[in-house]
Amino acid sequence: MNRYVSARFGAPTARLTVLASLFAGLSVPALAASDIVISQVYGGGGNNGATYKADFIELFNRGAKPVALNGWSVQYASAAGTSWQKTALPDVTLQPGQYYLVREALGAGGSVDVPADVSGSIPMSGTAGKVALSNANVALSGANPGGASVIDLLGWGAANAYEGGAAAGGTGNATAVLRKEEGCSDSDQNGADFAVLAPAPRNSGAPRHVCGGAVVKPVVVSCPAALPVALGSAGSAALTAKDEDGIVSSASLSGGVAGISLEHFTPASAAGASASAQLTVAAGVAVGSYPLSVRFANTDGDASSCDITVTVAATGGVTRRIPQIQGSGATSPDNGTVQTTEGVLTLKVGGGFFLQDAAGDGDPTTSDGLFVYTGATASNAQPGDLVRVTGTVFEYTPSGAKRSYTELKDVTAITVRSSGHSITPANIELPNAQLDRVEGMLVRFVRPLTVSQAEYLGQRGELSLSSGRLELPTNRYAPRSAEAQALAAANAANLIVLDDGIFTTPTTIPYIGQDNTVRAGDTVSDLTGVIDFGAIGGGGAAFKLQPVGAPRFSRDNPRGGAPLLAAGNVKVASANVLNFFTTFTNGMNAAGQSNQGCSLGGSVSRNNCRGADNLNEFIRQRDKIVAELKGIDADVVGLMEIQNNGDTAVNYLVDSLNASYGATVYAAVPKPAATGTDAIRVAMIYKPGRLSLAGPALADDHSINNRPPMAQTFRAANGEKFSLIVNHLKSKGSCPGGSGADADRGDGQSCWNATRVQQAQRLAQVFVPQVAAAAGDPDVLLIGDMNAYGMEDPIAAITARGFVNQLERFVRPQGLPYSYVFGHQAGYLDHALASATLNPQVAGAAEWHVNADEPTVIDYNTDGKPQDLYDALPYRASDHDPVVVSLNLQPAVSDITASVQVQSSALVFNRATQKFSGTITVRNHGSEVLSGPFQLALENLTAGVSLSNATGSHQGAPYITLNASELAPGAALTVAVSFSNPSKVNTSYSTKLYRGNF
């Protein structure tokens, strides 16, 4: 339920724009630069290969004063067109350095929503066109519209109208035209002022970029748009104003009548402090509508006004009780009608309050509660008041929702009838597939709930709660299986989103506890509040709980150190370092150089950079990653999402890690010949004191891999070798258009699954054999971000080739394996898959839950945060948890005779075969499981005697391969033996049991 209130501001400004193409070949002088300019246009939204789902037009205030856009419009015409389509702009004021984003037509492709301030429906060309900014909401005409109404014009590609001597460059589905210098450049030359770059939409909430010069800060007023008062009752509304660089010193009322006054004015105590006043309506004011204006001024003579309409109306009788309005169906039987109802106010939230019928109707299918959306309408009603309200019944459907939510809007009367009432909460629990029956009602969860996601805590004040952790269905069951579908349905009924009741970014992050965090897996009790329904972080909508008291959290999922695994002789880790770029989005790099860029495909631009925005953020990011890697202290680490700039980024990380040790502990594995065309790549670092490189790194640069897997063979201290292959398969996002093989098939695997399957098949069937052949050793470990959960098709394609899933082997028996939290559910995208020959040599595997359970708001980023809770600890160094594997590399063949007891039976002569036969029994007399394969050798066999059923010969001794993969403590294996002994001499031999293959 995202509802925002906007203030009213003053009149717009304008300038004249001259079109250079009025007369071909003539030089037209540039005019004075405009304060409000078109700063970015993108027409490829929703097209094939697009990231964003919609076209957009971005505006920017490059001046030093606020500018009101009321009555303005943005308009579009095709490259050679004369007919213009328009999108009206609302009553907003753009502050100096502030952006404003207008979303236009949606397409069928793309995966990222445009974070628009306002939406239109104009379908724009992805290659060329014309966009105009007008100070009138009247469609322009002609190829080159002019006049005082044209504030700014952009022509790009093959457009026949533009400012200056040339149009801006042409675009594609993956590019936009962006005004240079963050929007500040305006020489009235489209060709010079704009660059063709990747789209980077900025809305009014984006960080401001003031272009220079003194900025006049406005007086900012906060007033309700309406104040309804019942006839015969008094009413009031609180008003405030502040000025960041001035002192608000006076307030005045105009348009008032007898009985309506501005009282209790308190001036601001200092610049930036708030002044306050109260608009008071006496009980004797007659029925009517009274438009008023309140003007606040500062000591410098600057002022701003707000408009308030006081409406005095006779109190009507109740026309429908709340349960009647709600009804038992999916929508209200009174939808669209004006009704008067009454109930006890249970909770006030941003934009309105909740009422509940004091008695209820006893029908469990009808809710007794109702949300009253007041918007900018003032109300003095408080929790516990019996309130009568008149408004329009409305079925509100939040963005992305599949159902609506019954509420009252367009409220014309709010009357407090009495005070001191209370409502007893209804007891409920999860799972619950019928929360609609208690929407708007005060409830209490009778059992503690578990935090299942903390991603949007800082941005929206939300925590996802469930009864126990939610496992992503395809993490546990095969896609399309009945079990996966059943788990998906169960998860859908096992969710409530704990909100903070303000519906905007919180100024103080709620629910933060010990160590400045709240972790998924923690539990919450004493949970009482009102059931709401609205948009949630990440898209879509869900039932929410707006609490009436402080929930009590328990740290049931405490932070822990790196996993302690069974001892081996090599420790391997896989770590996604979440866009570790040494080149920043501001064009600087870690070496202090400016005007730098990142490579993506064939382009180099700062807009291709994905990590830190600046050096400060980079240092914060670096320190968290170093703390994580040092905490694991692995012998070799596979890295994902590190900048694809040769070995520059990985060497910087190695230097930083060694500095934290105070010694040269790690080195980078030199990059292979191919690192792909993406801005990120995979890499490896290792400890030369523990491992040595056996040959160069290899990569598979087949066209299916835009991020080629990287392989390196290592030799351990005992001389044994193994090969490590680091992977980063195609992501699940940025879905393609249409219904092809890579479209989301609705089976839980999201988009690009067919591509990931092809990548997995090529990995297992082609690249792994190449790596093993080059190494001369079949021991291979696959690690990395596969962008596929545990049981999904790409992983099945790999395990079908004999690889063993180590997280299922070691973690699943202990609980839920996961490295990532998405959509309230946990699963593992990060894998450890061992070849059949390496599998017996894996001593243990685990994830370190240092990232996925933590809220994003504690990460290294500095922008858009209400509070900075950063520290240099490893927690939330990335969004993926690292995976750690302990290898106990063994020689290809090892003598394990000392671990067993061997007993041979007497030999019996078979006259028919002329053979002597018997049995040999091998028993594990140790306390550990012995892993195979097993070879039983008969050494020092009597001369002239041969083992007829021998598997082969090793160093002159016959041996038999035992039919078992392991031997448990106390367990025995018995094998038949048959000897050829022509001379019938006494047969003797000594037995040796080996593990491995000769």
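Residues numbered from 1 in each chain as written. Predicted model: local features only at pLDDT ≥ 70, side-chain atom pairs only at ≥ 80, totals over all residues. Heavy atoms only, no water.

Named according to an unreviewed UniProt entry, the chain is LTD domain-containing protein originating from Pseudoduganella violacea.

Moving on: the overall build of the chain. Within the chain, the secondary structure is distributed over 10 helices and 63 strands. Counting only C-alpha atoms, the chain reaches 130 × 80 × 50 Å along its principal axes. Put simply, the chain has 998 residues, and 52% of those count as buried. Of all intrachain contacts in the chain linking residues separated by at least 6 positions in sequence, the fraction that spans at least 24 positions is 71%. Accessible surface computed for the chain: about 38700 Å², of which carbon and sulfur atoms make up 50%. Treating the 66 positive side-chain charges of the chain as one cloud and the 81 negative ones as another, the clouds have centres 6 Å apart. (Helix = DSSP H or I, 4+ residues; strand = E, 2+ residues; numbered from the N terminus. Buried < 20%, exposed > 50% of the residue type's maximum accessible area, 1.4 Å probe, protein only. Contact = heavy atoms within 4.5 Å. Areas by Shrake-Rupley, 256 points an atom, 1.4 Å probe, with all protein chains shown as cover. Lys, Arg positive; Asp, Glu negative; His and termini not counted. Charge placed at Lys NZ, Arg CZ, Asp CG, Glu CD.)

For the rest of this paragraph, the subject is the nonpolar core. Counting 71 residues, the largest nonpolar core has F445, L463, L465, I496, L639, I642 and I685 as its most contacted members. Each residue touching L463, except ones within four places of it in the same chain, is listed here: V451, Q453, A454, L457, I496, V497, L498, Y511, V518 and F553. Of all hydrophobic cores here, the second largest spans 30 residues; its members include V636, L691, F722 and L838. (Core = buried A, V, L, I, M, F, W, Y, C linked by side-chain atoms within 4.5 Å.)

On to helix α8 (residues 753-775), then. Since the α-helix turns once every 3.6 residues, residues separated by three or four places project in the same direction. An ideal rise of 1.5 Å per residue puts 33 Å on 23 residues; α8 measures up with 31 Å between its terminal C-alpha atoms. Maximum bend of α8: about 40°, positioned at L763. (Expected span 1.5 Å × (residues − 1). Bend = angle between axes of the 7 residues up to and from the residue.)

What follows is about the state of the cysteines. Chemically, a disulfide is nothing more than a covalent bond linking the sulfur atoms of two cysteines. Tallying each qualifying case throughout the model produces 4 disulfides. Residue C184 pairs covalently with C211 via a disulfide, S to S 2.0 Å. Judged by the sign of its S-S torsion, about -90°, the bond between C184 and C211 is left-handed. Placement of the pair is C184 in the loop between β11 (176-179) and α1 (190-193) and C211 in the loop between β12 (194-197) and β13 (219-222), with a sequence separation of 27 residues. Exposure remark for C184: the relative accessible area of 9% places this residue in the buried category. Exposure remark for C211: the relative accessible area of 28% places this residue in the partly exposed category. Disulfide pairing places C223 opposite C306 at an S-S distance of 2.1 Å. (Disulfide = S-S within 2.5 Å.)

Let's shift gears to the environment of T390. By the element assignment, T390 lies in strand β24 (residues 386-396). Setting aside residues up to four positions removed in sequence, T390 forms contacts with V338, Q339, T340, D410, V411, T412 and A413. Within the structure, the side chain of T390 is placed 2.7 Å from the side chain of T340, a separation counted as a polar contact. (Polar contact = N/O pair within 3.5 Å; in protein donor to acceptor, adjacent residues only side chain to side chain.)

This paragraph deals with the pairing of strand β51 (residues 883-887). The element β51 is extensively covered by neighbouring structure, given that 5 of its 5 residues are classed as buried. The alternating pattern of β51 places V883, V885 and L887 and V884 and S886 on opposite faces, both of which are buried. Relative to β51, strand β35 (residues 570-580) runs antiparallel, the two sharing 5 bridges. Paired with V570 across the bridge in β51 is L887. Two strands pair when backbone bridges link them, and strand β50 (residues 842-847) and β51 are joined in this way by 5 bridges, in the antiparallel orientation. Opposite A845, over in β51, you have V885 as the bridge partner. (Pairing = 2+ DSSP bridges.)

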